[in-house]
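Results of the structural survey
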Amino acid sequence: MSKPAFKRVLLKLSGEALMGDDAYGINRSTIESMVADVAEVAKLGVEVAVVIGGGNIFRGVAPGAQGMDRATADYMGMLATVMNALALGDAMRHAGVTARVMSAIGIDQVVEPYVRPKALQYLEEGKVVVFAAGTGNPFFTTDTAAALRGSEISAEIVLKATKVDGIYTADPKKDPNATLFHTISFDEAIAKHLQVMDATAFALCRDQKLPIKVFSITKPGALMRVIMGEDEGTLVHV
Ligand SMILES: Nc1ncnc2c1ncn2[C@@H]1O[C@H](COP(=O)(O)OP(=O)(O)O)[C@@H](O)[C@H]1O
Ligand SMILES: O=c1ccn([C@@H]2O[C@H](COP(=O)(O)OP(=O)(O)O)[C@@H](O)[C@H]2O)c(=O)[nH]1
């Protein structure tokens, strides 16, 4: 059997992907199938760190956050990612995967704080590390947290698992004529204002020469194909 293309990866799971077909929150069968995919990859000996979003919970409460201070609303968003991280860690335990959740904001009774050497130790021990609370700072996104943590742990690639199967010339949910890129450079992705990831995340990955692969979270076997270096999704390169 061929070998995985990567030793250590940073997987970004969007919060909205956890909803499945529900309107908000966490869909049990969706989270279970995601965890099964991660378990399969971890069994190959690939070190996996996960950054989880919060859109599935946070966008549900967002109307109530209207008119709120941006920073306060962002802290609410970060807390939503902590809930998702706890659910993900728990689902991993049920699937027989040892996972550790680490939070970028102090919430010690609930999850351990993010400490970089400790995260590296867990990864070396073959544990899946789930990074909660994004970067810990308002005005950022969990995509930027993925770029940041990916750089910090020297991941070889950021894998962005999302609702679309790659980067298109325009948002495929709005433009039926949009076509898929197999590869695209960071400069082109930023210049074209492709909304699939924010410019801060793209710029950080570009500066760190950390490639990104965007692929579908719902397509069966897609994560494994990405890990094996097969043709899947869109590669963003320097
Ligand atoms: N050029 C594009 N190519 C692909 N997806 C795009 C593009 N522009 C916007 N999108 C949207 O970006 C989304 C992926 O971002 P993601 O971070 O997973 O979602 P969110 O953070 O909004 O939950 C897709 O659902 C897609 O509709
Ligand atoms: O470093 C971060 C990461 C996240 N957030 C907040 O948390 C919310 C949820 O994260 P995100 O939108 O990235 O989740 P996703 O779209 O992946 O579900 C964001 O809207 C922000 O309000 C933040 O303030 N700082």
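- Looking at an unreviewed UniProt entry, one finds the protein chain named Uridylate kinase and attributed to Pseudoduganella namucuonensis.
- Under the heading Catalytic activity (unreviewed entry), UniProt records this for the protein chain: "UMP + ATP = UDP + ADP".
- Looking at the protein chain in UniProt, the text filed under Subunit (unreviewed entry) is "Homohexamer."

What about the overall build of the protein chain?
- Secondary structure summary: the protein chain contains eight helices and nine strands in total.
- Considered along the principal axes of its C-alpha atoms, the protein chain spans approximately 45 × 45 × 35 Å.
- Here the protein chain holds 238 residues, and 52% of them are scored as buried.
- Long-range contacts, defined here as pairs at least 24 residues apart, represent 72% of the contacts in the protein chain between residues at least 6 apart.

A short note on the nonpolar core
- In terms of nonpolar packing, the biggest core is built from 44 residues, with L11, L13, V48, V50, L88, M92 and L159 touching the most fellow members.
- Those elements giving two or more residues to this core turn out to be β1 (8–13), α1 (28–43), β2 (47–52), α3 (70–94), β3 (99–103), β5 (128–132), β6 (157–162) and α8 (222–227).
- For this core, the element with the highest residue contribution is α3, accounting for seven residues.
- Apart from residues no more than four positions distant in its own chain, L88 is found in contact with L13, I31, V35, V50, I52 and V130.

Quick notes on empty space enclosed by the protein
- Taken as a whole, this structure holds one cavity of 30 Å³ or more when the rule is applied.
- The space that makes up the largest cavity amounts to roughly 80 Å³.
- As for the largest cavity, its lining consists of L11, L13, M34, D37, V38, A161, F215, S216, I217, K219, A222 and L223.
- The greatest single-element share of the lining of the largest cavity, amounting to three residues, is contributed by α1.

With respect to the site of ligand 2
- Near ligand 2 you find 19 residues, and of these G55, D74, T135, N137 and T142 are the closest.
- The separation between a nitrogen atom of ligand 2 and a polar main-chain atom of N137 is 2.7 Å.
- At a separation of 2.5 Å, an oxygen atom of ligand 2 approaches a polar side-chain atom of T142.
- Considering ligand 2 on its own, with 520 Å² of exposed area, one finds that the protein chains cover 90% of that surface.
- Of all the cavities here, the one that holds ligand 2 is the largest pocket.
- Elements that contribute at least two residues to the shell around ligand 2 include exactly α2 (55–65) and α3.
- Split into classes, the residues belonging to the shell around ligand 2 amount to three nonpolar, 12 polar and four charged.

Scoring rules and cut-offs
Residues numbered from 1 in each chain as written. Chains lettered and ligands numbered in written order. Predicted model: local features only at pLDDT ≥ 70, side-chain atom pairs only at ≥ 80, totals over all residues. Heavy atoms only, no water. UniProt positions renumbered as here; feature names shortened; annotations may be inferred. Helix = DSSP H or I, 4+ residues; strand = E, 2+ residues; numbered from the N terminus. Buried < 20%, exposed > 50% of the residue type's maximum accessible area, 1.4 Å probe, protein only. Contact = heavy atoms within 4.5 Å. Core = buried A, V, L, I, M, F, W, Y, C linked by side-chain atoms within 4.5 Å. 1 Å grid on protein atoms, 1.4 Å probe; cavity = no way out; pocket = protein on both sides within 12 Å on 5 of 7 lines; lining within 4 Å. Points joined across faces, edges and corners; volume = space filled by probe spheres on them. Near = heavy atom within 4 Å. Polar contact = N/O pair within 3.5 Å; in protein donor to acceptor, adjacent residues only side chain to side chain. Areas by Shrake-Rupley, 256 points an atom, 1.4 Å probe, with all protein chains shown as cover. Sits in = over half its atoms within 2 Å of the grid points. Nonpolar A, V, L, I, M, F, W, Y, C, P; charged D, E, K, R; others polar.

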